[in-house]
Amino acid sequence: MNDSMVKVYITGTGAVKIARHYPLGVRDLAFQAGKQALAESGSDNVDFVIVASSLSYLQAPQLDLASYIASSLGLHGVRALSVEAGESSGLAALETAVSLIKSQEASRVLLIGVDKMTEHPSGPTYVMLQALYDTESDAYYNIGHAGIAALLMRLYMEKYEVDRLTLAYWPAMMHMHAKNNPHAMLPFAVAPEKVMTAMPIAEPITLLDAYPLGDGAAAIVLENGDELEGRPLAEIESVISATGMPSPALREDPLDLESLRTALGRLGGLEKIDVIELHDSFSIYGLLELETLGLAEKGESAKLVAEGYFSAEGEGPLVNPSGGLKARGHPIGATDVYKLVEVSRILAGTWQGVKRGDEETGMIVSINAAGSSSRIALLRKVKG
Amino acid sequence: MTRSLPVWWRRRIPRYRLIGARCKECGKIHYPPRTSCPYCGSNSLEEVQLPRRGILESYSVIYSVPGDNRLNAPIIVGLVNINGVRIVAELTDVLPGELSTGLEVEAVVRKISETSDTGIITYGVKFRPVLGAGSGAGQDTGEA
Ligand SMILES: [Zn+2]
């Protein structure tokens with residue numbers, strides 16, 4: 001943990017609607033999101049550009065990506081840094097940005113998350129997505145993008161005697177929430193029965209349990225609280241991470257998200273959280289995260305979701321008002337930055353989508369694959 | 001999913017022979033062998049031949065099969081427990097309807113993938129339901 005007294009604020013946000021953007025490349029998407037965030041922050045003046053991206057390195061290879069993106073934004077001479085941590089790239093970039101600001105190495109940082117998933121047909125893309133998992137063990141086999149999650153989902157169903165229909169309420173809730181998210185890829189409702197009976201992609205996972213393949217970019221401007229140029233939307237209270245076993249097969253309990261557990265331990269306990277954006281590339285991960293965070297007993301989270309406990313009308317914290325990776329979409333390295341945009345808009349009162357209206361604290365969680373690494377960010381409303 | 005010959009070649013023996021690694025520090029066994037023990041971090045490891053029979057703890061029938069291996073869809077992936085050592089691997093010689101957790105499976109060597117642009121064909125251990133005594137082409141080594 002960084003004990004610096006420097007406070008870090010989000011003062012600008014930008015997000016491109018997630019879609020199959022055939023006419024737009026990585027730099028075009030990053031430009032749109034970056035310019036929006038800079039405009040909202042009130043100044044184009046930044047001393048660092050940090051770019052979170054992951055799959056793009058396999059889809060449309062460009063190394064030293066951040067420098068090329070900085071140049072395309074017209075930010076010549078700025079310092080630039082690329083950060084890659086698979087599906088957790090966005091929060092890894094946030095960790096980097098916050099530590100640069102807290103150490104006073106930077107005072108204004110433009111953080112862009114951008115990724116492309118549609119430069120190739122879905123077959124080759126599934127091969128690339130396997131590289132999120134451990135290529136020295138599990139991903140030597142043809143596990144696809146969903147195989148490991150499917151193994152864990154079946155383990156969970158049998159261990160806790162949870163039926164398939166109960167597990168279908170997670171995607172149904174995500175689709176319900178995404179309807180009101182202006183940058184969601186799948187903004188339409190889906191009934192739980194439809195999820196259960198959709199085309200299987202990796203049994204017991206169906207097409208409607210899985211995240212869609214879409215392109216996107218989101219951006220935020222981060223500033224040192226002592227030198228604010230923009231009006232803050234939210235304060236970054238902390239961001240923390242931990243690595244974990246390279247394969248769930250190596251865990252004593254394969255269902256134990258030990259990297260997230262370790263990260264949570266580093267935070268030293270949680271106060272009341274009003275809104276949470278979890279990592280639900282597949283529903284099972286979202287459910288395991290709820291249980292790891294202590295928001296549901298082991299084996300009970302799916303039932304709570306089905307009962308509406310985490311919905312806008314529920315008694316629990318509001319979970320994934322964005323629609324989650326499932327329905328907002330999951331452009332791998334960009335996803336966490338979408339979550340940062342969404343949660344800071346909720347805390348600032350400018351969010352158009354699902355909300356309760358009195359949110360003061362927000363949490364963002366991401367994991368790569370089945371938990372090779374996990375990250376947690378805590379955000380706070382700026383009062384006054 | 002190997003597109004590089006050296007990447008596949010340097011790891012081939014454990015994949016053909018189901019050779020795991022035993023940590024000399026903490027005693028735990030893992031497969032396939034890693035650079036260091038995933039449990040305690042020690043790089044003091046020794047090779048150990050794993051028994052060929054295990055129990056199927058979970059499985060998935062995969063229809064969204066990656067790339068050039070689409071022709072082989074569906075592919076079945078399993079989580080196999082061999083005396084406490086868990087392995088993610090493909091299953092073979094079994095129909096989706098014959099699968100259930102708790103099934104006893106045994107290791108055989110099969111083709112894993114073929115990549116058209118490089119021509120690389122990779123092989124390795126897969127698991128199939130135990131066929132019963134006297135069959136199974138002598139795959140059961142009897143090792144514990
Ligand atoms: Zn050890």
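Thresholds applied
Residues numbered from 1 in each chain as written. Chains lettered and ligands numbered in written order. Predicted model: local features only at pLDDT ≥ 70, side-chain atom pairs only at ≥ 80, totals over all residues. Heavy atoms only, no water. Pairing = 2+ DSSP bridges. Helix = DSSP H or I, 4+ residues; strand = E, 2+ residues; numbered from the N terminus. Domains from an automatic or database assignment. Buried area = accessible area lost by both parts, 1.4 Å probe. Salt bridge = Lys/Arg side-chain N within 4 Å of Asp/Glu carboxyl O. Polar contact = N/O pair within 3.5 Å; in protein donor to acceptor, adjacent residues only side chain to side chain. Nonpolar A, V, L, I, M, F, W, Y, C, P; charged D, E, K, R; others polar. Core = buried A, V, L, I, M, F, W, Y, C linked by side-chain atoms within 4.5 Å. Buried < 20%, exposed > 50% of the residue type's maximum accessible area, 1.4 Å probe, protein only. Donors = N, O, S within 2.8 Å, 3.2 Å for Na, K, Ca; no water. Tetrahedral: all angles 85-135°; square planar, octahedral: opposite > 155°, others 65-115°. Patch = residues over 30% accessible without salt bridge, like charges linked within 9 Å, V, L, I, M, F, W, Y side chains within 5 Å. Areas by Shrake-Rupley, 256 points an atom, 1.4 Å probe, with all protein chains shown as cover.

S.K.: What exactly am I supposed to notice about the sheet that holds strand β2 (residues 29-30) of chain B here?
M.R.: One key point about sheets: their strands pair by backbone hydrogen bonds, in either a parallel or an antiparallel sense. All names here are of chain B. Read from one edge of the open sheet, three strands run β2-β1-β3, paired in antiparallel fashion. Unpaired on one side and paired on the other, β2 and β3 (45-49) mark the two borders of the sheet. As defined by bridge partners, strand β1 (residues 19-23) adjoins β2 across two bridges and the pair is classed as antiparallel. In the strand pairing of β2, Ala 21 is matched with His 30.

S.K.: Would you explain the domain arrangement of chain A in this entry?
M.R.: All names here are of chain A. Each assigned domain of chain A is listed with its residue range as follows: domain 1 (8-119 + 213-235) and domain 2 (123-206 + 237-381). Across the interface of domain 1 and domain 2, roughly 3,500 Å² is buried in total on both sides, 66% from carbon and sulfur atoms. When residues of domain 1 are sorted by the area they lose upon contact with domain 2, Ile 18, Glu 87 and Leu 91 head the list and together hold 24% of the total. Scanning the region where domain 1 abuts domain 2 turns up one salt bridge. Note that Glu 95 and Arg 375 form a salt bridge whose closest N and O atoms lie 2.9 Å from each other. If you look at where domain 1 meets domain 2, you find 18 residue pairs in polar contact (both at pLDDT 80 or more). Elements with a contribution of two residues or more to the side of domain 1 that touches domain 2: β1 (8-15), α2 (56-59), α4 (89-102), β4 (108-115), β7 (216-224) and β8 (234-243). Split by residue class, the side of domain 1 that touches domain 2 holds 24 nonpolar, twelve polar and seven charged.

S.K.: So what exactly am I meant to see when it comes to the nonpolar core here?
M.R.: Looking at soluble globular proteins, one finds that nonpolar side chains tend to be buried together. One finds Leu94(A), Leu110(A), Leu222(A), Tyr285(A), Ile376(A), Leu379(A) and Phe127(B) to be the most contacted residues of the largest nonpolar core, which totals 162 residues. For this core, the leading source of residues is helix α6 (residues 147-160) of chain A, giving nine residues. Two domains share this core, each providing at least three of its residues, namely domain 1 (8-119 + 213-235) and domain 2 (123-206 + 237-381) of chain A.

S.K.: I keep staring at the coordination of the zinc ion and nothing clicks. Help me out?
M.R.: Perfect tetrahedral coordination of a metal by four donors corresponds to 109.5 degrees between them, and perfect octahedral coordination by six donors corresponds to 90 or 180 degrees. All names here are of chain B. At this site the zinc ion is bound by Cys 23 (SG), Cys 26 (SG), Cys 37 (SG) and Cys 40 (SG), with donor distances of 2.3 to 2.4 Å. Around the zinc ion, the four donor atoms sit at angles spanning 101 to 119°, and that spread fits a shape best called tetrahedral. Mapped onto the polypeptide sequence, the residues donating to the zinc ion form the spacing pattern C-x2-C-x10-C-x2-C. Of this pair, Cys 23 sits in strand β1 while Cys 40 is found in the loop between β2 and β3, placing the two residues 17 residues apart along the sequence. The buried category is assigned to Cys 23, whose relative accessible area is 1%. For Cys 40, a relative accessible area of 40% corresponds to the partly exposed category.

S.K.: I'm lost on a nonpolar patch on the surface in this one. Help?
M.R.: A cluster of nonpolar side chains, contributed by Val109(B), Ile121(B) and Tyr123(B), occupies part of the molecular surface with about 220 Å² of accessible area. Within the secondary structure, Tyr123(B) is located in strand β8 (residues 121-129).

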